[in-house]
Amino acid sequence: MTTTASPPVASGSPGTGPVSTSGTDGLTGIDVAGITASNSSLRRFLHGLPGVDQVGAEARAATLATRSIKTTAKAWAIDLAISMIDLTTLEGQDTPGKVRALCAKALRPDPSDSTTPRVAAICVYPDMVPIAVEALQGQVHVASVATAFPSGRASLDVKLADTRDAVAAGADEIDMVIDRGAFLSGRYLEVFDEIVAVKRACGSAHLKVILETGELVTYDNVRRASWLAMLAGGDFIKTSTGKIQPAATLPVTLVMLEAVRDWRAATGRQVGVKPAGGIKTTKDAVKMLVLVNETVGDDWLDPDWFRLGASSLLNDLLMQRTKLTTGRYSGPDYFTLD
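Residues numbered from 1 in each chain as written. Predicted model: local features only at pLDDT ≥ 70, side-chain atom pairs only at ≥ 80, totals over all residues. Heavy atoms only, no water.

### Side note on the packing of helix α3 (residues 71–83) against helix α11 (residues 282–295)
Here comes step 1: The interhelical angle for the contact between α3 and α11, taken along N-to-C directions, is 90°, at an axis separation of 10 Å. With respect to each other, α3 and α11 are oriented roughly perpendicular. Touching Ala-77, Ile-78, Leu-80 and Ala-81 of α3 are Thr-282, Ala-285, Val-286 and Leu-289, all from α11.
Here comes step 2: Grouping the amino acids of the contact of α3 with α11 by side-chain chemistry returns 7 nonpolar, 1 polar and no charged. (Axes fitted to C-alpha atoms, helices over the stretch in contact; angles between N-to-C directions. Helix = DSSP H or I, 4+ residues; strand = E, 2+ residues; numbered from the N terminus. Parallel < 35°, antiparallel > 145°, perpendicular 65-115°, else oblique. Contact = heavy atoms within 4.5 Å. Nonpolar A, V, L, I, M, F, W, Y, C, P; charged D, E, K, R; others polar.)

Here is the structure:
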């Protein structure tokens, strides 16, 4: 996606520019070859990463959350946030009709205003992928959760079959969940090998690796899981399934953004970030964009590298967009329910 406006200009609490809460000593230009040869080598590497300063991360995120942006930048930020949404329905009661309606909204979020951008993707369960593919006709990405989402409690064969089925049905993005039990018990090679196998099963589809940060307990674990997912070839790292709280908090997203920044400095490869779960308002979305701008910069202010996993966020963005363009609010019933 090409944008013509400048990134959001923040005002309010004074900032000091991009500040690392973890440090990058020893990471720039590292040779990752051989790190994944064994569980012990993975453990040495992951536990050798600089620790996350919890107080610093939370303070930095809190400071950035107080920033405000000017009206013209806000209009740009709202459109950018809309274009970054993975519009999601992951309920047991999902029906073909619901998915078709969501796809129609993805293509024309505000039917009364053709200048409203499309969302980045529709995210559905694998059995709903054919419905979404038919409705979207390649105009919006189709993402599918896989690998026994949301628990991840299934055999590798089942997880790979889940992935292959979604890709065969037309999904061009796969959102997989890692085995948190294996990760928390230190079986890093097992998690690594599973991500590698799922990535292979994706073929040309992009792989988003869900860490389920609400179950990882510490910021250090979030950082280690982020690096593990990138070492294994993930195209995106994603906070959450949206089924566990806390989900996409600002400090957790900050830690993950720092991880992709340091990863690119170390390897030259850029990886995307997707916070998901609990992002419901325009203020939430703008805080995320400010965090991206201040932590990793313009390169990630693009739907190819930053996504917002959400179901109810779009309506609030549309209401705020209408307010900016018309001077008055539209009620929530003006837009279809997601």
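Okay, back to it.
### Things to note about the nonpolar core
Here comes step 1: Judged by nonpolar contacts, the single largest core of 98 residues is most densely connected at Ile-122, Leu-136, Ile-195, Trp-227 and Leu-308.
Here comes step 2: When residues of this core are assigned to their parent elements, the largest contribution, 10 residues, is made by helix α10 (residues 250–267). (Core = buried A, V, L, I, M, F, W, Y, C linked by side-chain atoms within 4.5 Å. Buried < 20%, exposed > 50% of the residue type's maximum accessible area, 1.4 Å probe, protein only.)

### Digging into the environment of Leu-301
Here comes step 1: Tracing the backbone through its elements, the reader meets Leu-301 in the loop between α11 and β10 (308–310).
Here comes step 2: A relative accessible area of 6% means that Leu-301 is categorised as buried.

### Examining the side chain of Lys-238
Here comes step 1: Within the fold, Lys-238 resides in strand β8 (residues 236–238).
Here comes step 2: On the accessibility criterion, Lys-238 (4% relative accessible area) is buried.
Here comes step 3: Those residues within four positions of Lys-238 in sequence are excluded, and the remaining contacts are Asp-175, Val-209, Ile-210, Leu-211, Glu-212, Met-256, Lys-274 and Ala-276.

### Describing helix α2 (residues 54–65)
Here comes step 1: In this model, α2 (12 residues) spans 16 Å end to end at C-alpha, consistent with the 16 Å of a helix rising 1.5 Å per residue.
Here comes step 2: In this structure, the buried residues of α2 make contact with α10 and α11.
Here comes step 3: Of the residues flanking the start of α2, the one acting as N-cap is Asp-53, its side-chain oxygen 3.2 Å from the backbone nitrogen of Val-55. (Expected span 1.5 Å × (residues − 1). Polar contact = N/O pair within 3.5 Å; in protein donor to acceptor, adjacent residues only side chain to side chain.)

### Quick look at the pattern of salt bridges
Side chains bearing opposite charge may pair, as long as their charged atoms lie close to each other.
Here comes step 1: By the definition in use, this model includes 22 salt bridges.
Here comes step 2: One salt bridge connects Arg-321 with Asp-79, and the closest N-O pair in it is separated by 2.6 Å. In this pair, Arg-321 is assigned in helix α12 (residues 313–326) and Asp-79 in helix α3, connecting sequence segments 242 residues apart.
Here comes step 3: Judged by its relative accessible area of 10%, Arg-321 is buried.
Here comes step 4: Among the charged side chains, a salt-bridge network with shared partners connects Asp-86, Glu-173, Asp-175, Lys-208, Lys-238, Lys-274 and Arg-307. (Salt bridge = Lys/Arg side-chain N within 4 Å of Asp/Glu carboxyl O.)

### Quick word on the confidence of the model for the protein chain
Here comes step 1: On average, the protein chain scores 90 in pLDDT, and the residues at 70 or more come to 87%.
Here comes step 2: Contacts of residues 1–20 to residues separated by more than four positions or lying in other chains number 45 contacts, the stretch itself having pLDDT below 50. (pLDDT = per-residue confidence, 0-100.)

### Examining the pairing of strand β7 (residues 206–210)
Here comes step 1: The buried count for β7 comes to 4 of 5 residues, which makes it a mostly enclosed element.
Here comes step 2: Bridge count between β7 and β8: 3 bridges; the pairing is parallel. By the bridge assignment for β8, Lys-208 is matched with Phe-236. (Pairing = 2+ DSSP bridges.)

### Here's the deal with the pairing of strand β3 (residues 85–88)
Here comes step 1: Burial along β3 is two-sided: Ile-85 and Leu-87 and Asp-86 and Thr-88, pointing in opposite directions, are all buried.
Here comes step 2: Pairing of β3 with β10 involves 3 bridges; the strand directions are parallel. Note on β10: the bridge partner recorded for Leu-87 is Ala-310.
Here comes step 3: Here β3 runs beside strand β4 (residues 121–124); their pairing, made up of 3 bridges, is parallel. Across the sheet, residue Asp-86 finds its bridge partner in β4, namely Ala-121.

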